[in-house]
Number of protein chains: 2
Amino acid sequence: MTTVNQSLINMPKTYLFAEIARRVSEFSAANPSANLLRLGIGDVTRPLVPAVLSAMHAAVDEMGTAAGFRGYPPYEGYSFLRDDIAKYDYQQRGISISADEIFVSDGAKSDTSSFIEILGLENDIAVCDPVYPVYVDSNAMAGRAGEPDGEGRYRKLVYMPCTPQNGFVPLPPKKTADIIYLCYPNNPTGAVATRQQLKQWVDYANERQALILYDSAYEAYITEADIPRSIFEIEGARTCAVEFRSFSKNAGFTGTRCAYTVIPQTLCLNGHSLHALWMRRQSTKFNGVSYITQRGAQAIYTPEGAAQVRENIAYYLQNAATIRDGLRKAGLEVYGGTNAPYVWLKTPDNQLSWDFFDRLLTQAHVVGTPGVGFGSHGEGFFRLTGFGSQEVTQEAVSRITANL
Amino acid sequence: MTTVNQSLINMPKTYLFAEIARRVSEFSAANPSANLLRLGIGDVTRPLVPAVLSAMHAAVDEMGTAAGFRGYPPYEGYSFLRDDIAKYDYQQRGISISADEIFVSDGAKSDTSSFIEILGLENDIAVCDPVYPVYVDSNAMAGRAGEPDGEGRYRKLVYMPCTPQNGFVPLPPKKTADIIYLCYPNNPTGAVATRQQLKQWVDYANERQALILYDSAYEAYITEADIPRSIFEIEGARTCAVEFRSFSKNAGFTGTRCAYTVIPQTLCLNGHSLHALWMRRQSTKFNGVSYITQRGAQAIYTPEGAAQVRENIAYYLQNAATIRDGLRKAGLEVYGGTNAPYVWLKTPDNQLSWDFFDRLLTQAHVVGTPGVGFGSHGEGFFRLTGFGSQEVTQEAVSRITANL
């Protein structure tokens, strides 16, 4: 008799965004005339930029000709895209990463959730709390997180509290941690890590032969010059870190699907090259990214494409600033929104996150994300995003402040 | 100290197509003027058809407008595509599959290699021999296949020989098999399974609560009316089978990336819905397929798109017939090539597969695939594909027959 994966069965059923969707649709059904403003899910709303559109049209045309048709893409991505990534995202910023250290994929979610497949089951895993749920769920599903403790945590994971006191950047834990997930600019808190903070992590990892899985999907939102955009700006990172990047939040590719992962050739665990192991994993379980999509992604490295993309990022950052400044002025304790599209706020009167969610939904008709959905240290916090339109954002801030 | 996945380390290093590439590039370097004809890898060569191009251009334009822009796609695919798949690939052929049983993905390789993630580690797994290497490698990588035995097999897998004697369709094994991979039309042998043969499998699976993972990526190549195109044509399959399909080989999407998996709502293991478990897996480790790609895939269900795609399939099948008939006429023992793009031939004089590979490469300058690369029962066989151009195919057959 065939059995199912028991770890998957044991996982708590409710997924954060599914529960939000349920409450929203229940409210909408009861209040069909309510004009809901959605600042919850971290999905972009601005159209693809003209440079990307032109590149994709040209690629579609190529695929319609005998000479231009492309079959299976390289597992690691086309050279034209990897060369531009290495040049513009790393080398021009003085970061030593070469094209042959880059793997193009269909999404940072695919890569961050699958990367553990090349690592041993016995590793101790550390995650931030609050945290992007995918890191936890992908480990839980693979039987790597231990049993759920009934309170939303897994027994084998090391949770590192991220609070206003530590600026939402934890110190390396006293407990052993072999694999450490870090994400800066952070989802959900909008916090960034300084050079010194990341240096502590890199030193910790090198001393203990631990591995840092660094998610910098939001690096394009960094506005302050001294904040590192890549873990590879930190000395020593090439022997202890992997970096995940995405075209979703800079180029608006959430619906177009392209991302990349950087694995230094110098990164070995017990003599084994992670680059070689990931290549083996990708060539067995993945068949590359569409040629048309990769040509679209490449277009953001042209002068026009880069300028157009910067404009969209500035637009979302302006929204984040509108939320941050508006709510701060109204007396709320607010974090993020400066180097990230996310604003993380302390709920007024220490309300529970879901209570505040219900209050905003029913009174202000605004949808956000309850902080506790990202982990127990998110309790009493709430996430809003700058990914809406300017009009929706301004209206949402007015409604929230009027209902405090 | 962080450890790597030991099962991955233990896997034999040489991958079939990598070894072919190595020998070809060595030969090319030594013989730069040789005009090599490649009938090895199963990659299509005909351009995307006009209906697909138009649909993709229109979708690119939509993504450039505020009203038409789409963010994250549904994990399971857009309704417009799932509805057409259900209608044209199933319901119009009298097969009871509904749109909500279909999951759109970026490739059948992704799905066939990841599906085991929702199944228990303790299951016994049966594969054909010869076999598409991904089924074996994905299990080996996940520690589900046991140790390699030093002769290219894994100790925990049940291998089912596929030979001319059984028409390359094995009977259900005497040993226990919980998860059974079947692929018809078959890669690499080009064989098909009859209704009666599949019925035996479905009955076996239902009796033992086993699960059939049915790969029908090549169903568009079936030319004989009585050959089933889907496992769901067989009574009882809705309680024991999952089906994998792809747009790669019918619509030429190897470089565009779109596929789908069918999981009946009626398929439960020990009370657990596989449909629900796969949805949970996909929503955690995958973020859907590009809107533009899904619109392109949908275009093959329009009357024009369907006609254009049929023309390409007929072209490849004509090539397969050229190989099949040409080599048969030259006295070789030849299989496949009628309901599949693949021709599977017995090497002359019982040559070993790799010896015949080297002989064709060095004497005829033709690249094929050694049968032993697909499993030990592929020894003494060789695969050629109909995916080249008509000119290359004819020339290759002339050269092979001249060098026998």
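What you are looking at is a predicted structure, and each value in this text was computed from that prediction instead of being measured.

What counts and how
- Residues numbered from 1 in each chain as written.
- Chains lettered and ligands numbered in written order.
- Predicted model: local features only at pLDDT ≥ 70, side-chain atom pairs only at ≥ 80, totals over all residues.
- Heavy atoms only, no water.
- Pairing = 2+ DSSP bridges.
- Helix = DSSP H or I, 4+ residues; strand = E, 2+ residues; numbered from the N terminus.
- Contact = heavy atoms within 4.5 Å.
- Axes fitted to C-alpha atoms, helices over the stretch in contact; angles between N-to-C directions.
- Buried area = accessible area lost by both parts, 1.4 Å probe.
- Salt bridge = Lys/Arg side-chain N within 4 Å of Asp/Glu carboxyl O.
- Polar contact = N/O pair within 3.5 Å; in protein donor to acceptor, adjacent residues only side chain to side chain.
- Nonpolar A, V, L, I, M, F, W, Y, C, P; charged D, E, K, R; others polar.
- Buried < 20%, exposed > 50% of the residue type's maximum accessible area, 1.4 Å probe, protein only.
- Right-handed = clockwise from strand over helix to strand, strands pointing away.
- 1 Å grid on protein atoms, 1.4 Å probe; cavity = no way out; pocket = protein on both sides within 12 Å on 5 of 7 lines; lining within 4 Å.
- Points joined across faces, edges and corners; volume = space filled by probe spheres on them.
- pLDDT = per-residue confidence, 0-100.
- Parallel < 35°, antiparallel > 145°, perpendicular 65-115°, else oblique.
- Left-handed = near helix turned anticlockwise from the far one by under 90°.
- Least-squares fit on C-alpha atoms with pLDDT ≥ 70 in both.
- Phe/Tyr/Trp six-rings, centres within 6.5 Å; stacked < 30°, edge-to-face > 60°.
- Lys NZ or Arg CZ within 6 Å of the ring centre and 35° of its normal.
- Expected span 1.5 Å × (residues − 1).

### Topic: the sheet that holds strand β15 (residues 381-385) of chain B
Sheet strands associate in pairs through backbone hydrogen bonding, adopting either a parallel or an antiparallel arrangement. All names here are of chain B. If you trace the four strands from one edge of the open sheet to the other, you get β11-β12-β15-β14, paired in antiparallel fashion. Strand pairing shows two members of the sheet lacking a second neighbour, β11 (334-336) and β14 (369-370), which therefore form its edges. Sheet analysis places strand β12 (residues 342-346) next to β15, joined by five bridges and oriented antiparallel. The residue of β15 that forms the bridge with Y342 is T385. Lying on the sheet, helix α11 (residues 353-364) is in contact with β12, β14 and β15; it crosses β15 at an angle near 45 degrees.

### Describing the interface of chain A and chain B
Taken together, the 77 residues of chain A in the interface contact 77 residues of chain B. Between chain A and chain B, roughly 6,500 Å² of surface is buried when both sides are summed, and carbon and sulfur atoms account for 58% of that area. The interface formed by chain A and chain B holds four salt bridges in total. With its nearest N and O atoms 2.8 Å apart, the salt bridge here joins B:K285 to A:E117. Across the chain A-chain B interface, the total number found is 40 residue pairs in polar contact (both at pLDDT 80 or more). Sorting the residues of the side of chain A that touches chain B by element identifies α1 (6-10), α3 (50-63), α5 (108-114), α6 (133-141), α8 (274-285) and α9 (291-298) of chain A as the ones contributing at least two each. The biggest single contributor to the side of chain A that touches chain B is α8(A), with seven residues. Looking at the side of chain A that touches chain B residue by residue, the class counts come to 33 nonpolar, 27 polar and 17 charged.

### Notes on the pattern of salt bridges
Applying the stated criterion to the full structure yields 38 salt bridges over all chains. The salt bridge partner of A:D137 is B:R280, with a shortest N-O separation of 4.0 Å. Residue A:D137 is found in helix α6, and its partner B:R280 is found in helix α8 (residues 274-285); the two belong to separate chains. We classify B:R280 as buried; its relative accessible area is 14%. Beyond isolated ion pairs, a larger network of salt bridges with shared partners links A:E117, A:R281, A:K285, B:E117, B:R281 and B:K285.

### Side note on the pairing of strand β6 (residues 211-215) of chain B
Residues and elements named next belong to chain B. Taking burial as the measure, the five residues of β6 include five buried ones, the bulk of the element. Burial of the side chains of β6 extends over both faces: L211, L213 and D215 are buried on one face and I212 and Y214 on the other. One ladder, built from five bridges, connects strand β5 (residues 179-183) with β6; its direction is parallel. Within the sheet, the bridge partner assigned to L182 lies in β6 and is Y214. Chirality of the crossover, the property in question, places the unit of β5, helix α7 (residues 195-208) and β6 among those that are right-handed. Looking at chain direction, β6 and strand β7 (residues 241-246) are connected through four bridges and run parallel. By the bridge assignment for β7, D215 is matched with F244.

### Some details on empty space enclosed by the protein
Within the structure shown, the criterion is met by six cavities of 30 Å³ or more. Of the volumes computed, that of the largest cavity is approximately 190 Å³. The set of elements that each furnish at least two residues to the lining of the largest cavity consists of α5 and α8 of chain A together with α5 (108-114) and α8 of chain B. A per-class count over the lining of the largest cavity returns four nonpolar, eight polar and eight charged. Estimates place the volume of the second largest cavity at around 120 Å³. Around the second largest cavity, the lining comprises 15 residues; the ones closest to its centre are A:D106, A:R257, A:S290, B:D106 and B:R257. Grouping the constituent residues of the lining of the second largest cavity by class yields three nonpolar, eight polar and four charged.

### Structural notes on helix α9 (residues 291-298) of chain B
Most of α9(B) is tucked away, with seven of its eight residues classed as buried. When α9(B) is considered as a whole, its buried residues turn out to be B:Y291, B:I292, B:T293, B:Q294, B:G296, B:A297 and B:Q298. Looking at the buried residues of α9(B), the elements they touch are α3 of chain A together with α3 (50-63), α4 (79-90) and β2 (102-105) of chain B. Sitting at the amino-terminal end of α9(B) is B:S290, which places a side-chain oxygen 3.2 Å from the backbone nitrogen of B:I292.

### Describing the confidence of the model for chain A
Confidence in the prediction of chain A, expressed as mean pLDDT, is 96, and 100% of residues score 70 or more. As a predicted assembly, this complex carries a pTM of 0.97 together with an ipTM value of 0.97.

### Let's talk about the packing of α4(B) against α9(B)
Residues and elements named next belong to chain B. Following both chains from N to C, one finds α4 and α9 inclined at 25 degrees, their axes separated by 9 Å at the closest point. With respect to α9, the element α4 is oriented roughly parallel. With respect to the hand of their crossing, α4 and α9 are arranged in left-handed fashion. In this structure, α4 uses F80, L81 and D84 to contact α9, whose residues at the interface are Y291, Q294, R295, A297 and Q298.

### Considerations on the relation of the copies chain A and chain B
Relating one copy of the chain to the other requires a rotation about an axis plus a shift along that axis. Between the two copies, chain A and chain B, the superposition gives an RMSD of 0.0 Å; the rotation angle is 180 degrees and the shift along the axis is 0.0 Å. The transformation just described matches what one would write down for a two-fold rotation axis. Every residue of chain A has its C-alpha some distance from the rotation axis, and the shortest such distance is that of A:H57, at 3.0 Å. Of the interface residues in chain A, 100% have counterparts in chain B that sit at the interface too, so the contact is made through matching surfaces.

### Some thoughts on the packing of aromatic side chains
Overall, the coordinates contain 46 aromatic pairs over all chains when judged by the stated rule. Summarising the aromatic geometry, the rings of B:F168 and B:F381 are spaced 6.3 Å apart at their centres and angled 85 degrees between planes, so their arrangement reads as edge-to-face. Taken as a pair, B:F168 in the loop between β4 (158-161) and β5 and B:F381 in strand β15 lie far apart in primary sequence, 213 residues in all. Here B:F168 falls in the buried class, since its relative accessible area comes to 4%. Through a chain of ring-to-ring contacts, the aromatic side chains of A:Y218, A:Y221, A:Y315, A:Y316, A:Y342 and A:F387 assemble into a single cluster. For the cation-ring pair, B:R153 lies above B:Y159, with the distance from its terminal atom to the ring centre recorded as 4.3 Å.

### Remarks on helix α12 (residues 390-402) of chain B
Its 13 residues give α12(B) an end-to-end C-alpha distance of 18 Å, which sits within 8% of 18 Å, the value for a rise of 1.5 Å per residue. Structurally, α12(B) contributes buried residues whose contacts are with β1 (37-38), α10 (303-329), α11, β13 (366-367) and β15 of chain B.

### Let's talk about the sheet that holds β5(B)
All names here are of chain B. Overall, mixed pairing links the seven strands, which are arranged β2-β8-β7-β6-β5-β3-β4 in an open sheet. What marks the edges here is a single partner per strand, and that holds for β2 and β4. Across the sheet, the axes of successive neighbouring strands diverge by a mean angle of 20 degrees, strand direction being ignored. Taken strand by strand, α7 contacts β4, β5 and β6, and its axis lies near 145 degrees from that of β6.

### A word on the packing of α3(B) against α9(B)
Residue and element names in this part refer to chain B. The N-to-C vectors of α3 and α9 enclose an angle of 150 degrees; their axes lie 8 Å apart at closest approach. On the basis of the axis angle, α3 is roughly antiparallel to α9. Where α3 crosses over α9, the two elements pack in a sense that is right-handed. For the pair formed by α3 and α9, the contact residues are V52, A55, M56, A59, V60, E62 and M63 on the first element and Y291, I292, T293, R295 and G296 on the second. Broken down by class, the residue content of the contact of α3 with α9 amounts to eight nonpolar, two polar and two charged.

### Description of the pairing of β7(B)
When a strand is regular, its side chains alternate between the sheet's two faces. Residue and element names in this part refer to chain B. A large share of β7 lies buried, amounting to six of its six residues. Residues A241, E243 and R245 point to one face of β7 and V242, F244 and S246 to the other, with burial holding for every one of them. As paired elements, β7 and strand β8 (residues 259-262) share four bridges and run antiparallel to each other. Bridged to E243 within β8 is V262.

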